[in-house]
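Observations on the three-dimensional arrangement
Here are the chains, one letter per residue:
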Amino acid sequence: MLTLPRWLRGDLGAAIGVALGSVALAAVAFELWNADLGLPLSDTRGDATFIEGLVKAILDNGWFLSNQDLGAPVGQHIHDMINFSASNLQFGLIWVIGLFSSDPATVLNLYYLLGFALVGVAAFLVLRRLGVSPGPAAVCALL
């Protein structure tokens, strides 16, 4: 049976509340009731287009290192891009989200929104570990 550390036992409900609150605040900030999750929430300047190509490669090929739809005539192969070696956890999470949707923009948007929840929970847990009481820790994590 999984037992939580003593300092976390009473905080599980608050951490879930912070995660939901973080996503709710992001929904208000991005006006998600007017948004189409099938379209990217971010603009297409900078690295966004490249990252969307990586997400499409993950969904189509199972991983991001090869994409036959890009890089004609032999396809795109980015095995030598060392800076992605630390991103396997992020791309693995995108792969898991991709099990529920095959649309790259939807997967990327859900991953983006999930990031707000994870950052909120991480901030809450750090503040609790530092001895801040649950209420102020939740408020600070949401801020």
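This text goes with the structure placed above it.
First things first, this report covers the structure right here in the doc. (Residues numbered from 1 in each chain as written. Predicted model: local features only at pLDDT ≥ 70, side-chain atom pairs only at ≥ 80, totals over all residues. Heavy atoms only, no water.)

Next up on the list: unusual backbone geometry. Backbone geometry places Glu-31, a non-glycine residue, at a positive phi of 50 degrees. Looking at the secondary structure, you find Glu-31 in the loop between helix 2 (12-30) and helix 3 (48-61). Overall, the relative accessible area of 42% leaves Glu-31 in the partly exposed class. (Helix = DSSP H or I, 4+ residues; strand = E, 2+ residues; numbered from the N terminus. Buried < 20%, exposed > 50% of the residue type's maximum accessible area, 1.4 Å probe, protein only.)

Time to look at the nonpolar core. Ranked by size, the top nonpolar core spans ten residues in total: Leu-54, Val-55, Ile-58, Phe-64, Ile-78, Phe-91, Ile-94, Ile-97, Val-107 and Leu-108. For Ile-97, the contacting residues outside a window of four places in its chain are Val-107, Leu-110, Tyr-111 and Leu-114. Formed by six residues, the second largest nonpolar core is a distinct cluster that contains Ala-15, Val-18, Phe-124 and Ala-138. (Core = buried A, V, L, I, M, F, W, Y, C linked by side-chain atoms within 4.5 Å. Contact = heavy atoms within 4.5 Å.)

Here Ala-122 shows up in helix 5 (residues 104-129). Assessed through its relative accessible area of 40%, Ala-122 is described here as partly exposed. The sequence separation of Ala-122 and Val-18 amounts to 104 residues, and the corresponding C-alpha distance is 9.7 Å.

By the definition in use, this model includes three aromatic pairs. Taking the centre distance of 5.6 Å and the plane angle of 65 degrees together, the rings of Phe-30 and Tyr-112 count as edge-to-face. Of this pair, Phe-30 sits in helix 2 while Tyr-112 is found in helix 5, placing the two residues 82 residues apart along the sequence. Judged by its relative accessible area of 30%, Phe-30 falls in the partly exposed class. On the numbers, 6.0 Å between centres and 65 degrees between planes, the contact of Phe-30 with Phe-116 is edge-to-face. Taken together, the residues Phe-30 in helix 2 and Phe-116 in helix 5 connect sequence positions 86 residues apart. Taken together, the aromatic side chains of Phe-30, Tyr-112 and Phe-116 make up a single cluster linked through ring pairs. (Phe/Tyr/Trp six-rings, centres within 6.5 Å; stacked < 30°, edge-to-face > 60°.)

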